[in-house]
Amino acid sequence: MGNSYAGQLKTTRFEEVLHNSIEASLRSNNLVPRPIFSQLYLEAEQQLSSLEAGSRADNEEEEEEEEEEEGSESSSPPVSYQVKPPPEGCCTTDGFCQAGKDLRLVSISNEHIEVPSGFLLVGAKSPNLPDHLLVCAVDKRFLPDDNGRNALLGFSGNCVGCGKKGFCYFTEFSNHINLKLTTQPKKQKHLKYYLVRNAQGALTKGSVICWKGAEFRGRQSSTSTCSSTLFQFPESSGLSGSTSSEPLPPANPSAPAGTQQTAAAVDHTPSTAAFSSAVYNGKESPKQQLMKNNLSALTRPSVLGTLTNSGPPKKRHKGWSPESPSSTETWNLQLNPQASNRIKNDGGSLSSLPHSALVGPASSPMVGSGEPVSVPDNLLKICKAKPVIFKGHGNFPYLCGNINDVIVSPLLYTCYRNSQSLSRAYEQYGASTIQPISEEMQLLLTVYYLVQLAADQVPLIEDLEQIFMRSWRESHLCEIRQYQQAVPQPFPQLPSPITPVTSAQLPWLAGLAASSCNDSVHIIECSYSLAEGLSEMFKLLMEGKLTKTNYVVIICASRNRAIDSCIVITGKYQARVLSESMLSPSDYQKEVNYQLVTGKVEALGSFFSTLCPEGDIDLLLEKFYQENQGHISSSLSASVNKPTAVNGAGTAVCTSYEIERHEIRPFQLAVAQKLLSHICSIADSSTQNLDLGSFEKIDFLICVPPSEVTYQQTLFHLWHSGILLELGLEKEHLTKQRVEQYVMKLDAEAQIKFKIFLQNSMQNPHTLFVLIHDHAHWDLMSAMHSLYPQTELSTGLVDRLLNCREVKEAPNIVTLHVTSFPYALQTQHTHISPYNEIHWPSSYSNGVDLYHENKKYFGLSEFIESTLSGHSIPLLRYDSSFEAMVMALGKRFPRLHSAVIRTFVLIQHYSAAMMAVCGLSQMKNYTSVETLEITQNLINSSRQCPSGHGLMVVLRIPCIPLAAVAYERLYNVRERLALEDNFEIILGNPNSGITIGKHFVEQLKIWQKIEDVDWRPQTYLELEGLPCILIFSGMDPQGESLPRSLRYCDLRLINSSSLVRTSLEQELGLAAYFVSSEIHTEKPVVNDVLESDPEKLSSTDNEDEEIATEGSTSEKRSPMKRERSRSHDSASSSLSSKASTFCTESSPPQALSNSTEETTNNYERQKQKVDKGAQTTISKHLPPVTEQLDMKQNIKSTQVSTTSSSSPPFSSSSSSSAPTHNSFILQTSQCSMTKASKQPPIVFLPKLVYDIITSTDSSGLPKSSSLLPYHSVMWASSFRPLMSKMMTCTEQSLYYRQWTVPKPIHMDYNNRNEGRMDTFHPRRLLLSGPPQIGKTGAYLQFLSILSRMLIRLTEVDVYDEEEININIKEESDQYYHQPGDVWPDLETFKKMPFDYTIHDPKYEDASLICSKLQTIDSEDRSMSRRQEDMYTCRQTTRMRLSKYAAYNTYHHCEQCHQYMGFNPRYQIYESTLHAFAFSYSMLGEEIQLHFIIPKSKEHHFVFSQPGRQLESMRLPLVTDKSEDYIKSPTFTPTTGRHEHGLFNLYHAMDGASHLHVLVVKEYEMAIYKKYWPNHIMLVLPSIFNSAGVGAAHFLIKELSYHNLELERNRQEELGIKPQDIWPFIVISDDSCVMWNAVEVDCSGDRKSDYTWTERNVSLKQILQHIEATPNVTHYALIGMRKWSSKTNSAEIKEPFSCCHVHDFIMLNVDLTQNVQYNQNRFTCDDVDFNLRVHSAGLLICRFNHFSVMKKQIAVGGQRSFHIKSKVSDNPVSISPAQYICAPDSKHTFLAAPAQLLLEKYLQYHSHRFFPLSLKNYSHPVLSVDCYLNLGPQIAVCYVSSRPHSLNISSSGLTFSGLLLYLCDSFVVASFLKKFHFLKGATLCVICQDRNSLRQTVVRLELEDEWQFRLRDEFQTANAKEDRPLFFLTGRHI
């Protein structure tokens, strides 16, 4: 039977079970909360818990036909139901009754239907016609009432089609109307809607029939949707299924995402206390205890599982344990305000609209529809708050009437819309199957969210969006996982898909959820439009029926169309916060100003005066003033003027006052160096965006916000840094006016200064201008938006100036943005490349202190950390009594802005506190404990210091008009209390300077030792030690720094309704502070007691160990076990302004009644006492706290005595019973300022802000970090990963760059480009670091080191050494040329003797060359240094590069771009490889070289026409003359110096055309070609890869001669004589950097008189001068001096010398045809070659008037040869003694050329071969045909065996040794017999192999005069395949 229900229960029993089940399902942490039906029915459940089974047992219920059409209709097992066959002949068509009449609503909606009395028309649903309703008439007694109750069981209905009446069973009726059901018919399932007539009389679908009780019984699946599927834990969580009273561990503590509680505000979305820690009856709420357990939302990750209410129900329900783990920190999804793209205004926080656009529908973006709704009059008056209406889904009706009393916001609508588009994030991966979250589910989740909010919490759109995100991700986990591997997934795989909520289920599911919240959320269901719901809501409001309701949810759900919904905030507190948050900062100021100007605040004042039973406070003040006039309380003010002899010594002056000297801390230096390295990386990149080499100096301009204090502060830093003098921008005697040129305040006058800056940058292209934008997050308004008339003049200035075209395009301007809050500059459209960001380094890395500093920085994270358990003093607190009074007054004065109320209450508290401290003790009841603490410590601080130093209290009042009111009031109270000399009150206005009284100026001048009569403090830093209240106004701090004497930072008045991350952090940044890192050791004993033992007691109003004074009202509590979630409000209970209860004076101090070993239990008991309101205080009778603590230690031996009531407030005379009393007196008088500087300030916050700051997500990230970063940016997408505490600054930057976009009002809004990289400005950097950490010092230091680097870039270290062996040179009076001669005379030059002696200082360690019998001083020419050390030991000097210098690859300038081949406008130069072969008889084989010739250099070569084979290199004629042409080809051999070699000769040649060839080894060809793409390369054959410089010289010379022959042949055909071809080449070292010329002036009277100057000239000038030498082709070698700063006149008196030439030579390849370089040589090959050339009778000329500077290059060259063992790879150093060994020995072979080993060995150990020669300079070693360096202690004599060679006369010489090196056939026995040797002289013969060795001995008949032994044979330590050299030594007989 259709009406029979098995197991039916009474209604009361049902409701009880239902209610308990709802509560349990909402709060339970079981895997599957027990469904209600298992309690009500006997049949067993068909599902298993996911913990046991892992999945549902079967999914039959999901696959029922009805559920496919409707969603989740039933999850009970289908009942087998047999439909009766219809009577024969009747109609069975769907939509018609059995009589064949049409029942469909669409067909009969306009027909007249008779409805019997007591019957209603309802719509029935047929499963076969899902889109139609069937019209039925049903007795309304069997239908439920409005509350879903009182429906009679059974059925009574009529058919409206055929008129048949009296159906008593729904089964029978369902058969008649052809429902054709397969399950048991139930009226609850199929009678869906009431049908009503509309205005046109047509029948339409009305509201849903509310089958609340009975329908629930028939709907198992809906319940299991809520309580089973949606509440399952992760299968792997491992948590027990039962509700435990013990805290559970987190399920997966390591999961990073999905568990973090963050909340980003949009625009200024109020982050108001979304998860605050309320105090319940003075104890921690269960919610707080749950927070302590750190249970993350991970344990319940399902859709509704994340919505559980963690707070306790208003009434305790059965089955709910207060210890149940719960999810508090769950929602961290943040709003995606894409709606703001439509709304261009920078409106308030929850809305993107200005306030005026929100008050009514006229300007609202939501289109109203349907009938208008009238807003009742006097709504605000009755409700005490303006309701805030959030438009939800569907259509929103028009509002009319008193629309000023409501506020409409589109924010929720935007949120819904954004979360609908979540799945688009996956579409790029092709995941088109993922469906967005349904509207029904959105609204249901919203209701669940609202239900769990506590009474003092305000809903956050971000939280809601995160909930949607989680729900959606969870329901599509499988698909998401395929496409999102990168984001960690905290959600487990659900056992089965979540069945969607239908619009039919929505109202009752919402009502079900709201039933547990004690009417905090009220659901109104409408029939067919929101208008009726809004009207009903207004009606309930006016009737006062919604006083307990904070949120009204209005739902209009119908089957035929989408749902309509809106949410109305009716809670007074919530509505006030949300409505105020919609005001933009400027609107906020206007509103407050309006209320002040129009006198609306007067009601507040009159209310305050009624509070005080003694009468008006002003009257009390006046009375006090009259009574005390003439005998002002000297105890308070005397200490300011004269020192008090408190300590035993009677010291009159406080010695602790120190002015901070300007010094660079390690951190600042590290940051400056990071900045420099970024600048260098920009310069080094191939983009050519910054050419550092072209700049000669630095200039700069610092832009600061228009705050006078910040401006003066920056000037102060700049002045004291000395940077202007260091950069050479200013001279000595710096004036302030000059310093002001470098700092620009961004105000109306900024444009003039900036224009001058731009003009300077254009006029000085060789100056690098650094534009520093300090406090760069201030004013990022787009210049386009600032053109509107209503905006301030200064807004958009940053965009207009810093982003102007001139700055962007100037190649010599670098912009550096400096800020503590860079988030707004890190969007998708930012100008700053992520590679150009520099973040302040952290002080610790993996526990290692990276930078040792003597100060510890206290910033936001340290302040938050102080609120965690284990810290004795929480630095962040809130004031609960203040908050309670503000809330109460907010309800009383609904029209006043809360900023006004808060300010007036706080001023009242400060006024009362001042009066209480001054003796009006009755006033302590009218202030809060916190304010009293601040005031009393401020007033008493100056007394404790002999010099009167005191504390600073910062009172932050953002609104300037309110700040002025506060200043006036406090100033007046201070005057009345005669405290004007005790402390100052300063109004800090950003637009003006600091004004303080004359008395205090004089004090500051004394303390700071300033003698200037007109001095006034201009920065807050200069107020160091001044006892004062600084009223800090202005909407945002603008970079002002505060002094170290800051003790309290009172932020209770900051705008807490409109918060973004930047706003919050910059307010807290005011308190950022440096404290001495030796704080623990430097503290007095008192501090040690307080800090070291966490169980010791501390006093809240005596945090800085002050003496407790009269009126001290602090409760004592132990700092131990201070939980983070505990409210750090000093009173620990909500104090109303009048309800503060204080101990009587006679009450014993609680603090002293406990022993030092206070246990946790004692603490808990004490806390409970405090929580119950028994506030214990130290009365005025107690001794100072320092003595209390001391006596507490000695409590067992000493009785504590208290002072009598007549004692003065600071007396300690009667405390002498304490045995250690005297040891503490010194500490009681310690300067308060000194103590303040050793500990960070205490910060008081609004409760809302405190909750946001101290609440963290599971990763430990403060909730504030996840707020929207800045008010002019918005989130790019709702779909974004969560931030993590583990993110570095760089990762945070990348996060914001990916997930935030600027709004249209942001200056970066238009910085968009398809090619992403183009949007970054190449010369723009961003420096970010915590507030007050020293960024100004860092960037000034950066300017300093950048300047030094630029100078360094234009300077090089050149060798600066005097010539050696000058004393050996013949001192002849004969001069061959006149000093002024510019060219040598050939005939004269031929007469000049050759100077054999080496004078080049690089050969200081080389053997002397004897030319004749010389009396050489036998001074010890011992090795002053080893060859390996020469680089470090040789003397250098730093020289500025001239415009004629040679450069390495790092030089980039406009002129030589084309020369270098790097100009981006040209294609990279193509090169061709050409082989060039020639035969050389001495090598016995053909030599094949390769030329790499760039296309641009092919004109220097001749190619054969058909095959383009390289034929020769073009050579000019001797007779050619051209100013722009260098005739000699330049060859530069190089190795290992592809970057550092000086191959860029463009400037050195002064742009002249020249042929320059780099000679490189084959294995280095590629790297040289990469760095020098436009240079010709000559690549040596691979056999020379390990050869020395001799091989390169040898091949250069041979190639050049061969080429000369080819050119002679080629040009002879053109009629040119062979001798006319230019025979010279230049061989230059790769380190020649500049060239100098001496100019001699011989205009003196006598011929011998002359003066000379040396100047830098171009290489072109020098070469052209030498090439123009008369008879130049007669010279074989031409060179020049090595430059030295110590060159004297004697050296240049003879302008030309015939001597050795080195480094830079012109070689005549024609004359030297038969003289070769030794291709085997590594060292001294130029000396060897010079000697060969001279012995061949050729001329070597050195131009002494020219000199070459050689740059010190630390890499490459000879240093590229490393001698190491061939066996092991270990870089073991091998001494030169090991370079040779006996043949056939087992010596370790070395991986080095044999020749190198030979040369190195002889250099260091030749004395083993020539023992007689050591320091025996008169008997040198005879060296035949070669010069080998035998070390500085052995002299050699060079002779050539060639016939007709020039040799020295050896007739009078006796040699101490003979060296025969690779003798050729010219050396014969008769030649050797000409020379005489000492007896015992030694011989060394060196040959290629042992066979040659023996042949040489025989051929030269050496055995006639020399004795050989077998053991005297040696070889270089080479393996046989490396062809070692062999030695044979012998002694002269």
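Conventions used here
Residues numbered from 1 in each chain as written. Predicted model: local features only at pLDDT ≥ 70, side-chain atom pairs only at ≥ 80, totals over all residues. Heavy atoms only, no water. Pairing = 2+ DSSP bridges. Helix = DSSP H or I, 4+ residues; strand = E, 2+ residues; numbered from the N terminus. Contact = heavy atoms within 4.5 Å. Axes fitted to C-alpha atoms, helices over the stretch in contact; angles between N-to-C directions. Expected span 1.5 Å × (residues − 1). Buried < 20%, exposed > 50% of the residue type's maximum accessible area, 1.4 Å probe, protein only. Parallel < 35°, antiparallel > 145°, perpendicular 65-115°, else oblique. Left-handed = near helix turned anticlockwise from the far one by under 90°. Core = buried A, V, L, I, M, F, W, Y, C linked by side-chain atoms within 4.5 Å.

Participant: Sorry, what's going on with the sheet that holds strand β57 (residues 1876-1887) here?
Facilitator: Strands pair in a sheet through their backbones, by hydrogen bonds, and they do so in one of two ways: parallel or antiparallel. Pairing is mixed across the open sheet formed by 7 strands, whose spatial order is β52-β58-β59-β57-β56-β54-β55. Looking at strand neighbours, the two that pair on one side only are β52 (1780-1781) and β55 (1836-1839), the edges of this open sheet. In this fold helix α56 (residues 1794-1805) packs onto β52, β56 (1854-1861), β57, β58 (1906-1916) and β59 (1926-1932), with an angle of close to 120° to the strand it touches most, β58.

Participant: I would appreciate a short explanation of helix α52 (residues 1589-1612) in the present structure.
Facilitator: Because an α-helix completes one turn every 3.6 residues, residues spaced three or four positions apart along the sequence face the same direction. Its 24 residues give α52 an end-to-end C-alpha distance of 34 Å, which sits within 8% of 34 Å, the value for a rise of 1.5 Å per residue. Within α52, 17 of the 24 residues are buried, which leaves the element mostly enclosed by the surrounding structure.

Participant: Teacher, can you tell me more about the sheet that holds strand β9 (residues 388-391) here?
Facilitator: Sheet architecture is open: 5 strands sit in the order β11-β9-β14-β13-β12, paired in mixed fashion. Of all the strands in the sheet, just β11 (407-409) and β12 (521-525) have a single pairing partner and so form its edges. Neighbour-to-neighbour, the strand axes of this sheet turn through a mean angle of 20°, independent of strand direction. Where β12 lies against strand β13 (residues 551-556), 5 bridges are found, and the strand directions are parallel. By the bridge assignment, I524 is partnered in β13 with I554. With respect to the sheet, helix α12 (residues 411-420) is in contact with β9, β11 and β14 (564-569), its orientation differing from that of β9 by roughly 25°. The sheet strands contacting helix α19 (residues 572-581) are β9, β11, β13 and β14, and the helix crosses β9 at an angle near 70°.

Participant: Would you mind going over the environment of I1492 with me for this structure?
Facilitator: Note on placement: I1492 falls in strand β38 (residues 1485-1494). Given the relative accessible area of 4%, I1492 is considered buried. Sequence separation between I1492 and M1565 is 73 residues, and the spatial gap between their C-alpha atoms is 9.1 Å. Ignoring anything within four residues of it in the chain, the contact list for I1492 reads S1471, T1472, L1473, M1565, K1569, H1575, I1576, M1577 and V1579.

Participant: Is there a simple way to think about the packing of helix α33 (residues 898-917) against helix α34 (residues 929-941) in this case?
Facilitator: Their axes nearest at 9 Å, the elements α33 and α34 cross at an angle of 50°. Between α33 and α34, the interaxial angle falls into the category oblique. Crossing of α33 over α34 shows right-handed handedness. From α33, L906, H909, Y910, A913, M914, A916 and V917 reach across to α34, where they touch T931, L932, I934, T935, Q936 and I939.

Participant: Explain the nonpolar core here, please?
Facilitator: Nonpolar side chains in soluble globular proteins generally cluster together in the buried interior. The biggest cluster of nonpolar side chains holds 169 residues, and the ones touching the most others in it are F1491, W1635 and L1902. Ranked by residues supplied to this core, first place goes to α52 with 8 residues. Dropping the residues within four chain positions of it, F1491 is found in contact with T1472, L1473, H1474, F1476, F1501, L1510, V1557, I1576, M1577, L1578 and L1599. Within the second largest apolar cluster, 109 residues are counted, among which are Y588, V917, C945 and M952.

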